[in-house]
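Residues per chain are reported as follows:
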Amino acid sequence: MSKNNPGNYFEDFRLGQVLRHATPRTITAGDVALYTGLYGPRFAVQSSAEFASAIGFRGAPVDDLLVFHMVFGKTVPDVSLNAVANLGYAGGVFGAPVYTGDTVSTVSRVIGLKQNSNGKTGVVYVNSVGCNQHGEMVVDYNRWVMVRKNNPDAPAPDAIVPDLPATVDATSFRVPVGLDLTDYDGELAGSPHYWDDYAIGEKIDHVDGMTIEEAEHQIATRLYQNTAKVHFDQIAANQGRFGKRLIYGGHVMSLARALSFNGLGNAFKIVAINGGSHANPAFAGDTVFAWSEIIDKISLAGRDDVGALRVRLVAMRNHGATDFSLRDEAGKYDSAVLLDFDHTVLIPKRSLSVK
């Protein structure tokens, strides 16, 4: 009997199947430092324990996307080891803040299956929930991924495509317990722009670019213990459509989020992932630029110190964001678009009590 794990192929999944993923991961200060070295995020709440404590955290929380990647990475050996591509996200909610020393683990449930017309692949829909060592939810999200079949003759399952929400309702946002922005210092945060200063429909060019280095991507993906073959195995990649390794889509997500600081520097916490698409594959050597569109402004019940912005964050390849490219005349994603990430962030409101 083979002792290794070949991963699940499309025909191995069953609707309602529950996958309890190995291995729990304790997030350390070293993980946070490496994440900062890889992407350079500058949001003050995650950068400074003193700043974070002043607004109600018990220290600097771990970056929301680092938490997401750690939780996501747990799922790969069971869900997407034999993936062709990770396709998208919906209905994601961030829960309890994560601090260094916390341990995260993940459980997934198969919520949809649909074989592709070529009979060689299919799309698997899963809901994945990451919890800390106290059983508190830290992130709960849905994703869908295209997975190879091992046996093309295996019968197709009944097609079930889940009805996923187009946006996360404000009643589902988890505002951190004790959060109080009356002592929020915009000067130290590095941005003078608050919730009140943004307009629905406004587009922001984040200006800067970051080139994807092969070594950095390899380190980042290993940091999350993401074992998907498409990211690491050049011999396997030689047999694929592109002939080279794909960059993990989450790597592009973190690059774009870090770039968004220049224009959204006070958007200190992600509370929801409304939807997301990896529009085109990224490869080492690509330079990532980013732009954002403010889709909605959301007031939070009983809060005059903080509001929420629903933001479309778009990552571009080798193409500055000055023209805010997204789709072509046929409605397809522009070939330069790598990521279309619809998420909701918390941001302080401008008031007399805000510095």
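Values in this document were obtained by computation on a predicted structure and should not be read as measured data. (Residues numbered from 1 in each chain as written. Predicted model: local features only at pLDDT ≥ 70, side-chain atom pairs only at ≥ 80, totals over all residues. Heavy atoms only, no water.)

Draft legend 1. Inspection of the packing of aromatic side chains at higher detail. Counted under the stated rule, the structure contains 13 aromatic pairs. Consider the rings of Phe-51 and Tyr-184, whose centres lie 5.2 Å apart with planes at 85°: the pair is edge-to-face. In this pair, Phe-51 sits in helix α3 (residues 49-54) while Tyr-184 sits in the loop between β6 (137-148) and α5 (186-189), placing the two residues 133 residues apart along the sequence. With respect to burial, Phe-51 and Tyr-184 carry one shared label: buried. Each residue in the set Phe-68, Phe-72, Tyr-89, Tyr-141, Tyr-224 and Tyr-248 is aromatic and connected to the rest through ring pairs, giving one cluster. The ring of Phe-43 carries Arg-257 above its face, with NZ or CZ at 4.0 Å from the centroid. (Phe/Tyr/Trp six-rings, centres within 6.5 Å; stacked < 30°, edge-to-face > 60°. Helix = DSSP H or I, 4+ residues; strand = E, 2+ residues; numbered from the N terminus. Buried < 20%, exposed > 50% of the residue type's maximum accessible area, 1.4 Å probe, protein only. Lys NZ or Arg CZ within 6 Å of the ring centre and 35° of its normal.)

Draft legend 2. Representation of the pairing of strand β3 (residues 83-94) in the model. By the criterion of burial, β3 is predominantly enclosed, with nine of the 12 residues buried. Relative to β6, β3 runs antiparallel, the two being bridged by eight bridges. Its bridge partner being in β6, Ala-85 is matched across the sheet by Met-146. Two strands pair when backbone bridges link them, and β3 and strand β9 (residues 269-278) are joined in this way by five bridges, in the antiparallel orientation. When the bridges of β9 are listed, Gly-92 appears paired with Ile-273. (Pairing = 2+ DSSP bridges.)

Draft legend 3. The arrangement of the packing of helix α1 (residues 29-39) against helix α6 (residues 214-223) in detail. Two elements in contact, α1 and α6, have axes whose closest approach is 11 Å; the angle formed by their N-to-C orientations is 150°. Between α1 and α6, the angle falls in the class roughly antiparallel. Between α1 and α6 lies a crossing of left-handed hand. Residues Asp-31, Leu-34, Tyr-35, Leu-38 and Tyr-39 of α1 pack against Glu-216, Ile-219, Ala-220 and Leu-223 of α6. Taken together, the residues that form the contact of α1 with α6 break down as seven nonpolar, no polar and two charged. (Axes fitted to C-alpha atoms, helices over the stretch in contact; angles between N-to-C directions. Parallel < 35°, antiparallel > 145°, perpendicular 65-115°, else oblique. Left-handed = near helix turned anticlockwise from the far one by under 90°. Contact = heavy atoms within 4.5 Å. Nonpolar A, V, L, I, M, F, W, Y, C, P; charged D, E, K, R; others polar.)

Draft legend 4. How the structure looks around the layout of surface pockets. Volume-wise, the largest pocket comes out at about 930 Å³. Lining the largest pocket are 42 residues, and of these Val-84, Ala-85, Asn-86, Phe-242 and Leu-246 sit closest to its centre. Every element with two or more residues in the lining of the largest pocket is listed here: α4 (64-79), β3, β6, α7 (229-232), α8 (234-237), α9 (249-259) and β9. Here the lining of the largest pocket gets five residues from one element, more than from any other, and that element is β3. For the lining of the largest pocket, the per-class residue count stands at 24 nonpolar, 12 polar and six charged. Each pocket or cavity is described by its volume, and for the second largest pocket that value is around 200 Å³. The wall of the second largest pocket is formed by 13 residues, among which Arg-58, Ala-96, Pro-97, Tyr-99 and Glu-136 lie closest to the centre. (1 Å grid on protein atoms, 1.4 Å probe; cavity = no way out; pocket = protein on both sides within 12 Å on 5 of 7 lines; lining within 4 Å. Points joined across faces, edges and corners; volume = space filled by probe spheres on them.)

Draft legend 5. Fine view of α1. Listed in full, the buried residues belonging to α1 are Asp-31, Tyr-35, Leu-38 and Tyr-39. The buried residues of α1 occupy one face: seen down the axis, they fall within an arc of 75°. Those residues of α1 that are exposed and angled more than 90 degrees off the buried face are Ala-29 and Gly-37. Buried residues in α1 make contact with β2 (25-26), α4, β8 (210-211), α6 and α9. Where α1 begins, the capping side chain belongs to Thr-28, and its oxygen is found 3.2 Å from the backbone nitrogen of Gly-30. Looking one or two places after α1, you find Gly-40, whose phi comes out positive at around 70°. (Arc of directions from axis to C-beta. Polar contact = N/O pair within 3.5 Å; in protein donor to acceptor, adjacent residues only side chain to side chain.)

Draft legend 6. Structural detail: the environment of Ile-247. Inspection of the secondary structure assignment puts Ile-247 in the loop between α8 and α9. Separated by 26 residues in sequence, Ile-247 and Ile-273 have C-alpha atoms that sit 21 Å apart. Aside from chain neighbours lying at most four places away, what touches Ile-247 is Ile-212, His-217, His-231, Val-252, Ala-282, Phe-283 and Ala-284.

Draft legend 7. Quick look at unusual backbone geometry. A cis amide bond links Ala-22 to the next residue, Thr-23, at an omega of -10°. Mapped onto the secondary structure, Thr-23 falls in the loop between β1 (18-20) and β2. One non-glycine residue, Phe-324, lies in positive phi territory at about 50°. With respect to the helices and strands, the residue Phe-324 is situated in the loop between β11 (306-317) and β12 (337-348). Owing to a relative accessible area of 23%, Phe-324 belongs among the partly exposed residues under this scheme.

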